[in-house]
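Tertiary structure, described
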Amino acid sequence: MLVASLLSQRLPITEEVRVAGGLTALHRLHASSGDQIRFVRAPPQQEEQTAGVALGEHTDFGSVTVLFNRLGGLQVRLPSHIAPTPPTSPTPTPPPPDADEPPLHADNWTYVRPLPSHCIVNLGDALVKFSKGILRSNIHRVVAPPGDQGKVERYSCVYFCRPEDDVLLRSLVVGDGSGKGDGDGDGEEEEEEVVTAKEWILRRAMGRRKVDGWEASNGTERISMRRGSGGGGGGGGGET
């Protein structure tokens with residue numbers, strides 16, 4: 001996989017991991033994994049739907065998400081120290097003041113504009129863990145497309161690349177990677193939880209199906225929102 005190969009060259013992975021084939025060796029096509037391809041159709045939005053959230057905020061479960069999309073609707077949540085860029089199309093009509101949902105452009109949410117002949121690439125939780133926080137997984141969601149884009153059908157094709165089922169989600173970098181641990185960027189490092197890729201995906205997916213499972217369904221959101229170096233690529237398509 002091209003993205004895994006490029007990241008293996010740039011990350012300070014250990015010599016043992018590098019000799020074994022780097023990140024690419026953890027994503028073999030013939031091995032059992034949670035890889036998925038989805039083709040999604042969303043119908044035109046009615047006026048009363050233009051302020052709604054179709055898929056709530058989350059980080060992606062796996063390593064890399066590749067999204068092909070011609071219309072807007074994907075949003076990423078930027079850290080507080082980065083100002084969002086206003087959309088070029090008019091934003092959907094904000095809900096009334098007493099509505100439960102805030103405006104779609106509030107709380108540092110910003111649209112990711114699709115570009116012709118381009119795809120949108122997002123990094124997932126697995127790469128956050130492999131890099132010990134050097135890489136980030138963007139918090140994102142799917143909302144109504146801005147302006148007149150909401151009046152037509154929205155088609156998207158998304159590929160979720162995930163590590164092989166039995167791969168342990170643990171740090172593969174030399175030392176502590178970013179130098180700040182997995183805490184909030186204040187130098188306090190948390191004990192690393194080691195689970196397999198399959199266990200991680202199942203825990204996050206099943207947690208969302210339980211009334212009290214929200215905490216279990218969380219990914220690497222806290223790491224992704226901390227201030228400091230690191231990046232999560234572009235926005236990605238929604239997970240399960």
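Just above sits the structure.
About the thresholds
Residues numbered from 1 in each chain as written. Predicted model: local features only at pLDDT ≥ 70, side-chain atom pairs only at ≥ 80, totals over all residues. Heavy atoms only, no water. Pairing = 2+ DSSP bridges. Helix = DSSP H or I, 4+ residues; strand = E, 2+ residues; numbered from the N terminus. Phe/Tyr/Trp six-rings, centres within 6.5 Å; stacked < 30°, edge-to-face > 60°. Lys NZ or Arg CZ within 6 Å of the ring centre and 35° of its normal. Salt bridge = Lys/Arg side-chain N within 4 Å of Asp/Glu carboxyl O. Buried < 20%, exposed > 50% of the residue type's maximum accessible area, 1.4 Å probe, protein only.

**Things to note about the pairing of strand β8 (residues 154-161)**
For a regular strand, side chains alternate in direction, first toward one face of the sheet and then toward the other. Judged from the 7 bridges that link them, strand β1 (residues 36-42) and β8 form a sheet pairing that is antiparallel. Note on β8: the bridge partner recorded for R41 is Y155. With 6 bridges joining them, strand β3 (residues 64-69) and β8 adopt antiparallel strand pairing. Note on β8: the bridge partner recorded for V64 is C161.

**Let's talk about the packing of aromatic side chains**
Overall, the coordinates contain 1 aromatic pair when judged by the stated rule. Geometrically, the ring pair formed by F39 and Y155 is stacked, given 5.8 Å between the ring centres and 25° between the ring planes. Taken together, the positions of F39 in strand β1 and Y155 in strand β8 put the pair 116 residues apart, joining distant regions of the chain. In this arrangement the basic side chain of R141 is found over the ring face of W109, its NZ or CZ atom lying 4.1 Å from the centre.

**A look at the pattern of salt bridges**
In this structure the tally under the stated criterion is 5 salt bridges. Between R41 and E153 there is a salt bridge, with the nearest N and O atoms lying 2.5 Å from each other. Linking R41 in strand β1 with E153 in the loop between β7 (140-143) and β8, this pair joins segments that are 112 residues apart in sequence. Classification of R41 by relative accessible area gives partly exposed; the value is 46%. Of the charged contacts in the structure, one is a salt bridge between D125 and R204, with a shortest N-O distance of 2.5 Å. Here D125, found in helix α3 (residues 125-130), pairs with R204, found in helix α4 (residues 197-207); they are 79 residues apart in sequence, far enough to count as distant. Judged by its relative accessible area of 0%, D125 falls in the buried class.

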